[in-house]
Amino acid sequence: MMVLANYIIRKYAPQGKNPALPEFRGKIGMAQGWISIIVNMILFVIKLFFGLISNSIALIADSFHTLSDMASSAVVVFGFKMAAKPADKEHPFGHGRAETITALTIAILIGFAGFEFLQTSIDRFVNIEPINVSKALIVVILITIILKELLARISYCLGEQINSDTLKADAIHHRTDMFSSLLVLIAFAGTSMGYPKLDAIMGLGVAVFMIYSAYGIAKHSINDLLGKPIDKQTVQDIKEIALKVEGVLNVHDIIVHSYGAHRFISLHIEIPEGESPEHMHDMSDQVEKLLSNTMDADVVTHVDPVTVGGEEYSRIEGIISDNLQSLKVNIAIQDLRVVQNQQVESILFQIPVSTEFKQEDAFKTKCTHELQKVYPECQVIIEFKSQISMG
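Residues numbered from 1 in each chain as written. Predicted model: local features only at pLDDT ≥ 70, side-chain atom pairs only at ≥ 80, totals over all residues. Heavy atoms only, no water.

Caption draft 1: Quick look at the nonpolar core. Counting residues in each nonpolar core, the largest one holds 33 residues, and the members touching the most others are Ile28, Ile110, Phe117, Leu158, Ile162 and Leu167. Mapped onto this core, the elements with two or more residues apiece are helix H1 (2-12), helix H2 (22-54), helix H3 (57-83), helix H4 (98-126), helix H5 (135-162), helix H6 (165-192) and helix H7 (198-226). Those residues within four positions of Leu167 in sequence are excluded, and the remaining contacts are Gly29, Gln32, Val76, Phe80, Ser155, Leu158, Gly159 and Ile162. (Core = buried A, V, L, I, M, F, W, Y, C linked by side-chain atoms within 4.5 Å. Buried < 20%, exposed > 50% of the residue type's maximum accessible area, 1.4 Å probe, protein only. Helix = DSSP H or I, 4+ residues; strand = E, 2+ residues; numbered from the N terminus. Contact = heavy atoms within 4.5 Å.)

See below:
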């Protein structure tokens, strides 16, 4: 299966190129979909035929589960084709999230099949019917188990290579079919040993597994559609890339919107105050180009001039940090600016907080009081920034 997966990657993505790039991932995803459709069609016909002649409700239901796999693979092909369409007037950010909708569709298909399987298995448990087991039938099931596991591994391998939740969801769908076929074998064994209800019990096991898998895929897909925080490693990667530009002191307020393979990144960079507007713009451009080339994303950068060093700066930073620690909050301040002429006139800074942070008022009151004890005439401006990327 790894050989086939690597062959598909090499066929559509040139050597040394990232297969997850939009120009390659669509073709790779559709190739996997067509392979699944062909294999599932063959298996459906074989399993349905032997299920009918053996009078096995588990095998008949399993054949229709295979048919639903074929339908889900057709959805995969359609989803990747839609996702590959360029941006247009109605969809200025492209059609990349068609992949996420495809994964959700697969979850719904698995869920419906699972509930139908559950109903049928309960009926079979109440009304026992004999199962005719033959060597040919067992061979068919063994072939099914092998092919479905191979399809699952190919789908998951390609999903990892191109970072596609859709292919990973399709892999889960194939694996549920493999497990359902495996349980059919167990049901046959139970029947031959005088436990005819084992067929229905195994059917219930398959149904529960399918419903659970559908729930996991749907939850992940819905989270992607609603919007979820990016992982900490991606945040760290963005910071490290941006800090490579000379003069960038810090990076914060990182937001990433994903549309399939394509990402849109916005971030704030801190640079020393006093730089000319032209230099600030040049630094911002450098960060955007570096991130865009490295992460294949559209990037927007906001520049925050900050005060750097000095006795008053260090003293103010210390007071703020002490107040944060007194509330047992492990957060670093950002965008600290100190405006002074003969004396300190204004202190402005931001506190990055998670959406669960509830101590804004307490900190603001306490910190402002402590700062104005040292600088009675100063204005203290504190802004709490909700960090979408925070865990």
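Caption draft 2: Representation of the packing of aromatic side chains in the model. In total, this model carries one aromatic pair according to the counting rule given. Centre to centre, the rings of Phe363 and Phe384 are 6.1 Å apart; their planes meet at 80 degrees, and the pair counts as edge-to-face. One end of the pair, Phe363, is in helix H11 (residues 360-374); the other, Phe384, is in strand S6 (residues 379-386), with 21 residues separating them in the sequence. (Phe/Tyr/Trp six-rings, centres within 6.5 Å; stacked < 30°, edge-to-face > 60°.)

Caption draft 3: Quick peek at the sheet that holds strand S1 (residues 250-259). Reading across from one edge, S1-S2-S3 is the order of the three strands in this open sheet, with mixed pairing throughout. Two strands in the sheet have a free side with no partner beyond their single neighbour: S1 and strand S3 (297-306). Averaged over all pairs of adjacent strands, the angle between their axes in this sheet comes to 15 degrees, without regard to strand direction. Sitting on the sheet, helix H8 (residues 232-242) is in contact with S1 and strand S2 (262-272), with an inclination near 125 degrees to S1. Across the face of the sheet, helix H9 (residues 277-295) comes into contact with S2 and S3 while running at roughly 145 degrees to S3. (Pairing = 2+ DSSP bridges. Axes fitted to C-alpha atoms, helices over the stretch in contact; angles between N-to-C directions.)

Caption draft 4: Region of the structure containing the layout of surface pockets. In this structure, the largest pocket spans a volume of roughly 1000 Å³. For the largest pocket, the lining is made up of 38 residues, of which Asn163, Val256, Ser258, Gly260 and Arg263 are closest to its centre. Mapped by element, the contributors of at least two residues to the lining of the largest pocket are H2, H4, H6, H7, S1 and H9. Per-element accounting of the lining of the largest pocket gives the leading share, five residues, to S1. Class assignment for the residues of the lining of the largest pocket results in 14 nonpolar, 14 polar and 10 charged. (1 Å grid on protein atoms, 1.4 Å probe; cavity = no way out; pocket = protein on both sides within 12 Å on 5 of 7 lines; lining within 4 Å. Points joined across faces, edges and corners; volume = space filled by probe spheres on them. Nonpolar A, V, L, I, M, F, W, Y, C, P; charged D, E, K, R; others polar.)

Caption draft 5: How the structure looks around the side chain of Glu270. For Glu270, the position within the fold is in strand S2. Of the side chains with opposite charge, Lys239 lies nearest to the buried Glu270, which makes no salt bridge, at 9.6 Å. Of note is the side chain of Glu270, whose polar atom sits 3.4 Å from the side chain of His252. (Lys, Arg positive; Asp, Glu negative; His and termini not counted. Salt bridge = Lys/Arg side-chain N within 4 Å of Asp/Glu carboxyl O. Polar contact = N/O pair within 3.5 Å; in protein donor to acceptor, adjacent residues only side chain to side chain.)

Caption draft 6: Examining the environment of Cys378 more closely. Along the chain, Cys378 falls in the loop between H11 and S6. Along the primary structure Cys378 and Gln343 are separated by 35 residues, whereas in three dimensions their C-alpha atoms are 8.4 Å apart. Setting aside its immediate chain neighbours within four residues, Cys378 contacts Val344, Glu345, Ser346, Ile347 and Gln372.

Caption draft 7: Examining H8 more closely. What H8 keeps buried is the set Thr234, Val235, Ile238, Ile241 and Ala242. Considered in projection along H8, the buried side chains sweep an arc of 130 degrees and stay on one side of the axis. Looking at H8, the residues exposed on the side facing more than 90 degrees away from the buried face are Lys232 and Gln233. Packing partners of the buried residues in H8 comprise S1, S2 and H9. (Arc of directions from axis to C-beta.)

Caption draft 8: How the structure looks around the sheet that holds strand S5 (residues 344-353). Strand order in the open sheet formed by three strands is S4-S5-S6, and the pairing between neighbours is mixed. Only two strands of the sheet have a single partner each, and these edge strands are strand S4 (334-340) and S6. Across the sheet, the axes of successive neighbouring strands diverge by a mean angle of 10 degrees, strand direction being ignored. Of the strand pairs in this sheet, S4 and S5 are connected by five bridges, and their pairing is antiparallel. Bridge pairing in S5 places Arg337 opposite Leu348. Packing of helix H10 (residues 311-326) onto the sheet brings it into contact with S4 and S5, and relative to S4 it is tilted by some 135 degrees.

Caption draft 9: Expanded view of the packing of H4 against H7. Where H4 meets H7, the axes come as close as 7 Å, and the angle between the chain directions of the two elements is 160 degrees. Judged by the inter-axis angle, H4 sits roughly antiparallel to H7. Regarding H4 and H7, the two cross each other, and that crossing is left-handed. (Parallel < 35°, antiparallel > 145°, perpendicular 65-115°, else oblique. Left-handed = near helix turned anticlockwise from the far one by under 90°.)

Caption draft 10: Fine view of a nonpolar patch on the surface. A contiguous nonpolar patch, built from Val139, Ile143, Ile146, Leu147 and Leu150 and spanning about 390 Å² of accessible area, is present on the exposed surface. Here Val139 lies in helix H5. (Patch = residues over 30% accessible without salt bridge, like charges linked within 9 Å, V, L, I, M, F, W, Y side chains within 5 Å. Areas by Shrake-Rupley, 256 points an atom, 1.4 Å probe, with all protein chains shown as cover.)

Caption draft 11: Fine view of the confidence of the model for the chain. Mean pLDDT over the chain: 82, with 94% of residues reaching 70 or higher. Taken element by element, the chain is modelled with least confidence in H3, mean pLDDT 77, and with most confidence in H9, mean pLDDT 89. (pLDDT = per-residue confidence, 0-100.)

Caption draft 12: Structural view of the packing of H2 against H6. Relative to each other, H2 and H6 sit at 20 degrees, their axes nearing to 12 Å. It follows that H2 is roughly parallel to H6 by the angle criterion. Crossing angle aside, the handedness with which H2 passes H6 is left-handed. Counting all contacts with H2, which are made through Gly29, Gln32, Ser36, Asn40 and Lys47, the residues of H6 involved are Leu167, Asp170, His174, Asp177 and Ser181. Looking at the contact of H2 with H6 residue by residue, the class counts come to one nonpolar, six polar and three charged.

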